[in-house]
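Summary of structural features
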Amino acid sequence: MRRAPCLVLGLVFICPFLRADDFVPFVIPTESAPDAPVSFSSPPIPPSADRLQAADGHFFHQDRRVRLWGVNLSFAANFPDKKDAPLVARRLARAGVNTVRCHHMDTADWPRGLWDPRNPTHIHPEALDRLDFFINELAKAGIYIDLNLHVGRAHSHHLGLPTPNTSYDKIVNLFTPALIDAQKDFARTILNHRNPYRGVTYAQDPAVAIVEITNENSLFMWSADRDLRELPDHYAGLLQGLFCDWLARRYRTTDALAAAWNAHAEPLGENLLRNPDLHAPAPPATNIEGWTLEQHGDCRARVLASSYKDRPAARIQIARVDGTDWHIQFHQRDLALKKDRYYTVSFDAAADAPRALHVNVGMAHEPWSNLGLSQSLRLGPEWRSFRFGFVARSDDDNARLSFVLGADTTTIHLANVRLQPGGQIGLAEGESLEKRNIPLFGDNEVAQRRRDRMIFLAETEKAFFDGMRRFIRDDLGCRALITGTIVFGPLGLYGQSDMDFIDSHAYWQHPRFPNRPWDSNDWLIDQRPMVNHPQQATLFRMACERLADKPFTVTEYNHPAPLDSQAECVPLLTAFAAAQDWDGLWIYSYSHNNNAWGADTLQSFFDIHSNPAKWGFFPAGAVIFREAGIPPLPRVRRVALARPGHLLPDLADLHLRHDRNLLAAFEQRENIRWNDLLTTCVAAVLDRPTAVRTERNASSARLHWITSDAGEGAFAAFGPQATVAVGSPDQIRAVSEGDQTVHSPSFAAIATVSLDGRPWTDTRRLLVIACGRCENTDMGFSDDRRTVGRRWGTGPVRIEAVTAELPVPDGGRDLAVPVHNVQGRNRLRITPAHKTLWYLLEKNDGPIR
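Source: prediction; values computed, not measured. (Residues numbered from 1 in each chain as written. Predicted model: local features only at pLDDT ≥ 70, side-chain atom pairs only at ≥ 80, totals over all residues. Heavy atoms only, no water.)

**Quick word on the packing of aromatic side chains**
One pass over the full model with this rule turns up 37 aromatic pairs. A centroid spacing of 6.1 Å and a plane angle of 70 degrees characterise the contact between F79 and W110, whose relative ring orientation is edge-to-face. Separated by 31 residues along the polypeptide, F79 in the loop between β6 (68-74) and α1 (85-94) and W110 in the loop between β7 (99-103) and β8 (115-116) bring together distant segments of the chain. In terms of burial, F79 and W110 fall into one category: buried. Between K462 and the ring centre of Y494, over which it is positioned, the NZ or CZ distance is 5.6 Å. (Phe/Tyr/Trp six-rings, centres within 6.5 Å; stacked < 30°, edge-to-face > 60°. Helix = DSSP H or I, 4+ residues; strand = E, 2+ residues; numbered from the N terminus. Buried < 20%, exposed > 50% of the residue type's maximum accessible area, 1.4 Å probe, protein only. Lys NZ or Arg CZ within 6 Å of the ring centre and 35° of its normal.)

**Some thoughts on the sheet that holds strand β3 (residues 52-55)**
Spatially, the three strands line up as an open sheet ordered β3-β4-β5, and their pairing is antiparallel. Looking at strand neighbours, the two that pair on one side only are β3 and β5 (64-66), the edges of this open sheet. Within the sheet, the average angular offset between the axes of one strand and its neighbour, ignoring direction, is 45 degrees. Here strand β4 (residues 58-61) runs beside β5; their pairing, made up of three bridges, is antiparallel. Following the sheet pairing, F60 is matched in β5 by R65. (Pairing = 2+ DSSP bridges. Axes fitted to C-alpha atoms, helices over the stretch in contact; angles between N-to-C directions.)

**A word on the confidence of the model for the chain**
Close inspection of predicted coordinates is inappropriate in any region flagged by low pLDDT. Confidence in the prediction for the chain averages 91 pLDDT; 92% of positions are at 70 or higher. Residue range residues 5-20 is modelled with pLDDT below 50. Its contacts to residues more than four positions away, or to other chains, number 99 contacts. (pLDDT = per-residue confidence, 0-100. Contact = heavy atoms within 4.5 Å.)

**A word on the nonpolar core**
Counting 206 residues, the largest nonpolar core has L92, L191, W582, W615, F618, I624 and W705 as the members making the most contacts within it. With ten residues, the single largest contributor to this core is helix α8 (residues 447-475). Here W615 is in contact with I28, V71, R91, L92, A95, V97, Y590, I608 and H609, once residues within four sequence places are set aside. With 43 residues, the next largest nonpolar core counts V303, A349, M363 and L371 among its residues. (Core = buried A, V, L, I, M, F, W, Y, C linked by side-chain atoms within 4.5 Å.)

**What to know about the state of the cysteines**
Evaluated as defined, the whole model comprises zero disulfides. C478 supplies the cysteine sulfur nearest to C102, a cysteine that is in no disulfide, at a spacing of 14 Å. Look at C102 and you get buried, because its relative accessible area is 1%. Free cysteine: C569, not disulfide-bonded; nearest cysteine sulfur from C771 at 12 Å. In this structure C569 comes out as buried when scored by relative accessible area, which is 0%. (Disulfide = S-S within 2.5 Å.)

**Some words on helix α13 (residues 647-658)**
Taking 1.5 Å of rise per residue, the twelve residues of α13 would be expected to cover 16 Å, and the 16 Å separating its terminal C-alpha atoms lies within 8% of that figure. Taken as a whole, α13 has its buried residues at L647, L648, D650, L651, A652, L654, H655 and H658. In this structure, the buried side of α13 is in contact with α8, α9 (489-495) and α14 (662-670). D659 sits one or two positions beyond α13 and adopts a positive phi of about 55 degrees. (Expected span 1.5 Å × (residues − 1).)

**Remarks on the packing of helix α11 (residues 569-580) against helix α12 (residues 618-626)**
At their nearest, the axes of α11 and α12 sit 9 Å apart, and the two run at 10 degrees to each other. Taken together, the axis directions place α11 and α12 in an arrangement best described as roughly parallel. On α12, the residues that touch V570, T574, A575, A577 and A578 of α11 are F618, G621, I624 and F625. In terms of residue class, the contact of α11 with α12 is made up of seven nonpolar, two polar and no charged. (Parallel < 35°, antiparallel > 145°, perpendicular 65-115°, else oblique. Nonpolar A, V, L, I, M, F, W, Y, C, P; charged D, E, K, R; others polar.)

**Side note on the sheet that holds strand β17 (residues 328-337)**
Strand order in this open sheet of five strands is β14-β17-β22-β19-β20, and the pairing throughout is antiparallel. The open sheet has two free edges, formed respectively by β14 (292-295) and β20 (370-379), since each of these has just one partner strand. Here the strands of the sheet are splayed against their neighbours by 25 degrees on average, with no regard to which way each runs. Pairing analysis gives six bridges linking strand β19 (residues 355-363) to strand β22 (residues 396-404), with the strands arranged antiparallel. The residue of β22 that forms the bridge with H358 is V404.

**Looking at α8**
Here α8 spans 41 Å end to end across 29 residues, near enough to the 42 Å set by a 1.5 Å rise per residue. The buried fraction of α8 is high, at 21 of 29 residues. With its phi angle positive at about 70 degrees, G477 sits one or two positions after the end of α8.

Right under this line is the structure:
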């Protein structure tokens, strides 16, 4: 088995072949020698050390700016055996890691989590002892800890509360008093625990630099609208009571509330749909006039005019799905909508068995944008009537109403479909403050009722996070930096605005599970390089979640295996984050286990410790981001999301219009689009009167992102100590203005970094890392390479080696890889014969050696 060679040579830019004979074994050792040619180190963090601080929008240790570059440790990986803990800590530090995020510790029983299976409300003593020992080893290696308090614990189960309709008590633990108290109890237990190997509590330990309150948890999170509508009675009653109390404080009387809500109520207008009753000439005909059944790829379905439970209906039978729900749609197009006009969609629906359905109104043409309605709902065997309102986002003469059906193969029945202007309802008949019977969601609410709900949810969420932060800081005496959760849109950003820093998560092509969640044999990943799709890229939306004058981090990020383009993950993220001047990055996840540190295969979608396409780029990531090898962009722009004095109403309106998409909010407020973020650092301000623009005088990064008419893309980043190039050969050549000659084939990720802090033209130590595809031996890919099911193959893991001719700053004649002079410039040619991911240039007083 070949163990991660590193050749000594010159500066290179690389792109791989796709031929099978260009795959070579490349297993990165579990431990490198102390004198390895590429190794980083950080000073130890003793218990008496000064704490990491947040100031002037960044992290500092004393007066030195600190960027955090690290990994997540998930489940059992937080509890390594004591013989392994020093090895893991050293390996992380030598690769350039200076932080780890302890994640999913609270989700499972020992040995995968903290809890004692014999006494599930108590922490297992060995779990805590191993965590104590590991934290000390990490601190000795100069690695800061980000400690997650709530990730996967369902306190409701152990308290005997009703089971929520959300995983891990999410959403309900933000407003349920007993669940809030349970989170405080756990925080007290963990943070007041004294680590015997450090001699201080976690609350006192400067190595525990960050505390996160709850993971991916918000009243505005991805599923919140559906989950809040479907809360079990216990939680729905609690939240409705809070809402009624909030309305009473705001309006005082029912008359005042009715005056505010009823001012813009209006009746329903004419139905805009053709054949709304879904009739056919002679049931069970398969042609329903005015409607289209759209199918993509291998998906198969048919629609019949039929009946269900004695009602005429369209029956949609689904024979095959492929994991992409929109690949089967039943829709009507050529609908005319007017911008800012209110519309009501109503229909009756049922399914042969419980299943999900999504309904939306959007463009029936490029760019296929949503026009105001995007709603998920649950169906069952009994008929249910649904009614949803929305405000049209733009004028459109070719809109369409779509039922998105590709979630599973359960048959659906539809009847009585309507799309009508108007239909807004204010305070419904019988609702009053005195009766405390005003539900959080009404039918077809007027704008003010919707706005009030959103403001109530925002204030409720912020009260939770501010209260938890005060408890951790004041009651527990913890001086770690505290954040609440990641940003979920404009109102989610408001909820985090008094935390010590702002956080985000993103994944490109997260695996999808068409039938059963997390079925290891039934999943799909679309083979779409992010570099080919800049308008959908994760990076630009995350950039707009940053809040001015607060440090900004991304504590989870990945392009999962087995994407053919997964090697773009680290160089793309670190280059963009460095140019945007962010403050912390954590790749998800180093490992989920504590018994496979020496693995020689890709272990899962996310684990990177044995994945050379990601772990192999970590030294470059340390230079690019942690050491600012690519400096910030030349311009800074702050975007005001609200008018002075109108903070929450304006944020609520932005949220109702754009949901969680702050990039779209930036475009509305300041006409900022994704490509503007290649030249300008951006951050939001909540309610300042004008956006702020400044220019930097220092040297700055240059970013380029291009796509061809054929859909191939390339990204390049240039800084004094680092460069990045990702994409297809022709596009890499174009984005580098012909400087890199790539001979083949379809995709590569390349990073070149100076290891001594000097510009690469003057450096004495320069590292080049390049990779195409990365996969295990004999992986069992489907024909379309979208899945391997459980057929992950065997070791050793292999990389796709590369062929290219590239410029080098200096030359010699005794290199392992030859340098040629082409038109007065030194050019280095590399091929798969070198069987490596890494190339190192070193100079003494003479030429390259």
